[in-house]
Amino acid sequence: MICCSAVGLFLLAAPVSGQEWAKKMFEVTSHDFGTVARGAKSEYEFVFSNIYKEDIHIASVRTSCGCTTPTVTKSLLKTYEKAAVRAKFNTDSFQGNRSATITVTIDKPYFAEVQLNVHGYIRGDVVFEPGTVNLGEIEQGKAGQSQTTVSFFGRSDWKIVDVRSANDNFEVELDERERSGAAVRYTMLVRLKDTAPPGFINDQLTLVTDDSTLRTIPLPVEGHVVPALTVSPAALHLGVLQPGETVTKKLVVRAKQPFSVTNVDCGGDCFQFEKPAGEKESAFRIRHLHCG
């Protein structure tokens, strides 16, 4: 049985002393990108959630350094809603040790500012083209692949001695293409096995080199293994309900092959479902009844 509750919510009362109330919404406020290659895709999301009864509005985000570009995924949050401040480390235009302070300005329900910190080291001698292994969308049960080029500038005897990953669904084929003067170039073919589970891929490969100072370099891997059946949205936000109040939401089930939904089981009497007939798509009307 799923019942609505106001436990864990806070009511902001004016005047608000300090700005700790705003900082409490963020899971973390600092991130270390570590050592990354030039051109590598390096992004981090500072996740925050509205734990208050009032709506929260993000007025702006700004950065102290051009090495980092901040954006906010959603500016207006109702109770229980989540969003993120996405920090993009600009590895294509900066090198060396870099750090930035991101200031998040909130103007509703009260003014506050939260400071987020990022730092990292961008190598200028190692370049990824493109900056991430993008496998794209792959149907579940099928294999996929993508290729990237790794270049090194500094000495002709530089080598990649290993490529590691904690994900057993990756296979890597490394091919040395050039070794002349002070430049070395490899092509790297990354394959995704057909046994990979459905879901989004947000992983990385670790290149191990013979460099005595900075031996490992991360290479991001992203993609999406699309399941045979998808449900949208993946999670329903019902909001805060008063006693006796009801809310209706739409849930869409899709597939590339014809299908039919034979039953919907909730395990309680707090929900009612209206199920239309469908072949490749079914849209449910879900009515949530307040359970006292």
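Each chain has its residues counted from 1, following the order in which its sequence is written. Where totals are concerned, whole chains, interfaces and linings use all residues; where local detail is concerned, this predicted model gives features only for residues with pLDDT of at least 70, and gives and counts side-chain atom pairs only at 80 or more. The basis for every side-chain value is the complete set of non-hydrogen atoms in the structure, without hydrogens or water.

### A look at the side chain of Ser49
Where helices and strands are cited, they refer to DSSP runs of H or I of at least four residues and of E of at least two residues respectively, numbered from the N terminus. With respect to the helices, strands and loops of the structure, Ser49 is situated in strand 2 (residues 42-49). Exposure categories follow from relative accessible area, calculated using a 1.4 Å probe and restricted to protein chains: below 20% of the type maximum is buried, above 50% is exposed, and the middle band is partly exposed. Take Ser49: its relative accessible area is 17%, and that puts it in the buried class. Residue contacts follow a heavy-atom distance rule, with two residues in contact if any of their heavy atoms lie within 4.5 Å. In this view, Ser49 contacts Met25, Leu77, Glu81 and Lys82; residues no more than four positions away in its chain are not counted.

### Side note on the sheet that holds strand 4 (residues 68-72)
In this analysis, strands are considered paired if DSSP registers two or more bridges between them. The three strands are arranged 2-6-4 in an open sheet whose pairing can be described as antiparallel. Across the chains shown, the open sheet's two edge strands, defined by having one partner strand only, are strand 2 and strand 4. If you compare each strand with its neighbour and ignore which way they point, the axes differ by 20 degrees on average. Taken together, the eight bridges between strand 2 and strand 6 (residues 82-89) define a ladder with antiparallel strand orientation. Within strand 6, the position partnered with Val47 by the bridge is Ala84. For helices, the axis comes from a line fit to the C-alpha atoms of the stretch in contact; other axes are also lines fit to C-alpha atoms, and the angle between any two N-to-C directions lies between 0 and 180 degrees.

### Points about the environment of Lys159
Its place among the elements puts Lys159 in the loop between strand 10 (144-153) and strand 11 (160-164). In the structure, Lys159 is positioned 50 residues away from Thr209 in sequence and 5.6 Å away in space, judged by C-alpha atoms. When neighbours within four sequence positions are excluded, Lys159 is seen to be in contact with Arg179, Tyr186, Val208, Thr209 and Asp210.

### Some words on the nonpolar core
Buried residues of nine kinds, namely Ala, Val, Leu, Ile, Met, Phe, Trp, Tyr and Cys, make up a nonpolar core once their side-chain atoms join them within 4.5 Å. Of all hydrophobic cores here, the largest spans 27 residues; its most connected members are Phe26, Phe48, Val85 and Leu116. Of all the elements in the fold, those that place two or more residues in this core are helix 1 (20-23), strand 1 (30-38), strand 2, strand 3 (56-63), strand 6, strand 7 (96-108) and strand 8 (112-129). At five residues, strand 8 tops the list of elements feeding residues into this core. With residues near it in sequence (within four places) discarded, Val85 still touches Phe26, Tyr44, Glu45, Phe46, Phe48, Val61, Pro70, Thr71, Val72, Ile102, Val104 and Leu116. In this structure, Ala37, Tyr186, Met188 and Leu219 belong to the second largest nonpolar core, which totals 25 residues.

### A short note on the pattern of salt bridges
Salt bridges are defined as contacts in which a side-chain nitrogen from Lys or Arg sits within 4 Å of a carboxyl oxygen from Asp or Glu. The tally for this structure, following the rule as stated, stands at 16 salt bridges. For the salt bridge of Arg164 with Asp162, the shortest nitrogen-to-oxygen distance reads 3.0 Å. Judged by relative accessible area, Asp162 falls into the partly exposed class, the value being 32%. Close ionic contact of Glu176 with Arg179 constitutes a salt bridge, the shortest N to O distance being 2.9 Å. Of the residues examined, Glu176 reaches a relative accessible area of 39% and is grouped as partly exposed. Residues joined by salt bridges that share partners form a network here, namely Arg123, Asp125 and Asp211.

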